[in-house]
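Close look at the chain arrangement
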Amino acid sequence: MSQEKIKVLFVCLGNICRSPSAEGVFLHYIEHEGLAERFEIDSAGTSAHHEGERADSRMRAHAARRGYDLLSLSRPLRYEDFFHYDYIIGMDEANRRTLLERAPTEEAAGKISILTDWAPNPLRDHVPDPYYGGSEGFELVLDLIEYCCPYLVGKMIKG
Ligand code: 4NP
């Protein structure tokens, strides 16, 4: 019998910088670990402002330098996401607040975390929005995501 997939949704504000990167890095990591079959992953934005757009070109360029191809198209968070996904993982406290406000049930609220909750002593306690800053912000996004992803996978697989 095939195992139920672990369903993970990464969320940020625009779904063009941080959450597409989390999706891309996480996917790369689980493929490398031979665990891709165990997961279903996607990303979404709390805002619909960039709906249909590819990831920000600066974010894609920084990710490509580390070997990640960011392919997702921005889409807004949907009501059904709170039922479909097992884990809903934001990037900062504003994302967490918005997710908690929109969670339709207690059970859905219990699925919400932010990425840096998962790892011990991350460089920052959230993944800062890089949109209005320079290249170091995009590098920090990738540093934080790369650091946290193995902890996510470890904890999710062990249950
Ligand atoms: P993201 O970054 O939430 O990591 O996708 C942002 C993208 C767009 C905007 C802000 C943050 N914006 O203001 O348009």
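Structure: see above.
In this report, we go over the structure that sits alongside the text. (Residues numbered from 1 in each chain as written. Predicted model: local features only at pLDDT ≥ 70, side-chain atom pairs only at ≥ 80, totals over all residues. Heavy atoms only, no water.)

**What to know about the packing of helix 2 (residues 57–65) against helix 6 (residues 135–158)**
For the pair helix 2 and helix 6, the least separation of the axes is 10 Å and the interaxial angle reads 55°. Our classification of the angle between helix 2 and helix 6 gives oblique. The hand of the helix 2/helix 6 crossing is right-handed. Each of Arg 58, Met 59, His 62, Ala 63 and Arg 65 in helix 2 lies in contact with helix 6, whose residues at this interface are Ser 135, Phe 138, Glu 139, Val 141 and Leu 142. (Axes fitted to C-alpha atoms, helices over the stretch in contact; angles between N-to-C directions. Helix = DSSP H or I, 4+ residues; strand = E, 2+ residues; numbered from the N terminus. Parallel < 35°, antiparallel > 145°, perpendicular 65-115°, else oblique. Left-handed = near helix turned anticlockwise from the far one by under 90°. Contact = heavy atoms within 4.5 Å.)

**What about the site of the ligand?**
Near the ligand you find Cys 12, Leu 13, Gly 14, Asn 15, Ile 16, Cys 17, Arg 18, His 50, Asp 129, Tyr 131 and Tyr 132, and these make up its full shell. Ile 16 has a polar backbone atom sitting 3.0 Å from an oxygen atom of the ligand. Take His 50: an N or O atom from its side chain is 2.8 Å from an oxygen atom of the ligand. Against a free-state accessible area of 360 Å², the protein chains account for coverage of 91% of the ligand. Classifying every residue of the shell around the ligand by side-chain character gives six nonpolar, three polar and two charged. (Near = heavy atom within 4 Å. Polar contact = N/O pair within 3.5 Å; in protein donor to acceptor, adjacent residues only side chain to side chain. Areas by Shrake-Rupley, 256 points an atom, 1.4 Å probe, with all protein chains shown as cover. Nonpolar A, V, L, I, M, F, W, Y, C, P; charged D, E, K, R; others polar.)

**A look at the sheet that holds strand 3 (residues 87–90)**
One open sheet holds the four strands; their spatial order is 2-1-3-4, and the pairing between them is parallel. Of all strands in the sheet, those bounded by a partner on one side alone are strand 2 (39–45) and strand 4 (112–114). Averaged over all adjacent pairs, the angle separating strand axes in this sheet is 25°, with direction ignored. Pairing of strand 1 (residues 6–12) with strand 2 involves seven bridges; the strand directions are parallel. Within strand 2, the position partnered with Lys 7 by the bridge is Glu 40. Those strands touched by helix 4 (residues 93–102) are strand 1, strand 3 and strand 4, and its axis lies near 175° from that of strand 4. (Pairing = 2+ DSSP bridges.)

**What about unusual backbone geometry?**
Despite not being glycine, Asn 15 shows a phi value in the positive range, around 60°. Its location among the elements puts Asn 15 in the loop between strand 1 and helix 1 (18–32). According to the relative accessible area criterion, Asn 15 is buried, its value standing at 1%. For Asn 121, which is not glycine, the phi dihedral falls at a positive 50°. Mapping Asn 121 onto the fold places it in the loop between strand 4 and helix 6. Accessibility expressed as a relative area gives 73% for Asn 121, which makes it exposed. (Buried < 20%, exposed > 50% of the residue type's maximum accessible area, 1.4 Å probe, protein only.)

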